[in-house]
Amino acid sequence: MKKEFCRYIFPAMFSFILTGIYSIVDGIFVGNAMGDDGLAAINIVWPLAALIISLGTGIGMGASVIVSLNRGAGNETKAARAEGNAFFLMIAGTISLVLLLALSHGFLLSFLGAKGVLFTYCRQYLCILLAGAIAQVSACAMLPLIRNHGASIFAMAAMATGCLVNIFLDWLFVMKLHLAIQGAALATVSGQVLTLILCLCFFLRKPTRGFLRNLKPDARVIASIIKVGISPFGLTYLPSITIIFMNLQTLKYGDTAAVSAYAILAYILSFMELLIQGISDGSQPLLSLNQGAGNTKKLHTYRRWMFFLALISGAISGILVVVCRHQIPILFGGSKEAAAYILDCSAAFGIALFLYGFSKPAIAYFYAIDQTVPSTIMVYGEVLLTVAFIYMLPLFWGLTGVWYTMPLAQLCLSLIGGWFLRKKG
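Residues numbered from 1 in each chain as written. Predicted model: local features only at pLDDT ≥ 70, side-chain atom pairs only at ≥ 80, totals over all residues. Heavy atoms only, no water.

1. Let's talk about helix α5 (residues 133–148)
Over its 16 residues, α5 extends 24 Å from the first C-alpha to the last, a length consistent with the 22 Å expected when each residue adds 1.5 Å. Counted residue by residue, α5 has 15 buried out of 16 residues, so it is predominantly covered. Backbone geometry just downstream of α5 places G150 in the positive-phi region, at approximately 80 degrees. (Helix = DSSP H or I, 4+ residues; strand = E, 2+ residues; numbered from the N terminus. Expected span 1.5 Å × (residues − 1). Buried < 20%, exposed > 50% of the residue type's maximum accessible area, 1.4 Å probe, protein only.)

Right under this line is the structure:
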């Protein structure tokens with residue numbers, strides 16, 4: 001069991017680390033090339049850009065759970081139908097999202113706080129990402145499906161190849177060709193296109209070509225994918241909702257340097273959170289298969305190992321943020337003012353990361369075993385907690401209250417998750 005667990009977990013962890021590098025790398029190059037304005041622009045536009053990644057993750061994870069549950073129950077026909085309908089959803093979902101954002105991005109960017117030169121930078125970045133949205137959605141959706149076929153190493157390699165290309169092109173476009181924020185967006189899309197090509201090569205092989213016979217949409221199958229996928233979609237996208245309110249409140253109680261400081265820490269937080277999510281989503285095929293097969297003993301063993309590894313990772317991540325608080329702003333080219341803010345709030349972000357080690361795997365566990373009510377309550381309850389705390393705490397503690405919104409919301413979420421787990425047994 002331990003070998004099987006490691007075979008799924010560690011490639012998934014590495015894949016999610018690479019996903020985090022995708023987002024961090026843009027910030028590093030743009031921050032060093034453009035300073036606080038570039039960092040603030042990417043942070044402001046990110047809630048819209050993240051919809052693309054979250055849509056792909058929601059479709060891929062939702063379909064993966066349905067596929068694994070049916071395979072565990074011995075129903076290969078339903079499993080193949082779910083996989084084929086996932087490909088249909090990738091195309092239909094991307095078209096819908098791109099049309100929505102193309103028509104409304106001007107209003108949305110203004111609402112998110114983009115003005116003047118920041119608005120221009122945000123629009124440039126977003127428009128390029130929208131042009132390559134089909135590659136990003138499809139790549140993110142195919143990776144969990146590939147892991148479901150037991151090919152975690154291939155999924156990791158596909159992501160790694162795209163990530164390395166992204167890093168090289170960021171250096172080339174931003175630092176050498178001076179394409180600024182547009183170069184960062186082009187590098188991101190190029191890396192995702194390469195990952196998509198590799199994923200398509202996997203699925204077009206004869207053993208995995210069966211999805212082509214199941215592309216015809218089936219309303220029941222699509223509904224089941226969406227039902228499960230709404231939780232991993234929210235789990236992936238929720239940090240972007242937090243970014244919206246954190247940006248607005250940071251601007252209100254601080255200044256541009258404070259937004260830049262939050263942008264830098266948001267990159268770090270996103271990276272570490274993705275590491276924890278890699279542990280959770282890497283466990284998904286094993287959890288879902290054993291839930292479908294009714295093997296409670298193995299299910300609980302895998303669950304215990306998942307939580308242990310996630311808690312350790314959360315604790316180490318939180319300690320690293322505090323210990324490296326002097327070096328983090330230097331890496332991103334942050335100003336002295338932004339660095340001062342980071343020194344003040346690093347402890348709050350460290351506590352949040354530690355608590356992520358429990359709350360995130362709890363959510364992933366529930367949607368992996370098709371218990372969508374607890375996972376949905378936790379995912380979208382986090383939004384309500386974040387909104388409530390981010391407007392209440394600053395009334396008493398100003399900018400410090402903004403920084404401590406996330407750890408307090410995660411503490412409440414962990415307590416809710418613990419209650420659901422105890423109830424489930």
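After that view of the structure, there is still more to cover.
2. Details of unusual backbone geometry
The phi dihedral of A180 falls on the positive side, at around 55 degrees, and the residue is not glycine. Residue position: A180 is located in helix α7 (residues 180–203). Classification of A180 as partly exposed rests on a relative accessible area of 26%. Unlike most non-glycine residues, D370 shows phi in positive territory, near 65 degrees. Tracing the backbone through its elements, the reader meets D370 in the loop between α12 (336–368) and α13 (372–397). Since its relative accessible area comes to 31%, D370 is described here as partly exposed.

3. A look at the side chain of H105
Here H105 is to be found in helix α3 (residues 76–111). Here the side chain of H105 touches R123 through a polar contact of 3.2 Å, side chain to side chain. Sequence-distant contacts of H105, that is, excluding residues within four places in its chain, are made with R123, L126 and C127. (Polar contact = N/O pair within 3.5 Å; in protein donor to acceptor, adjacent residues only side chain to side chain. Contact = heavy atoms within 4.5 Å.)

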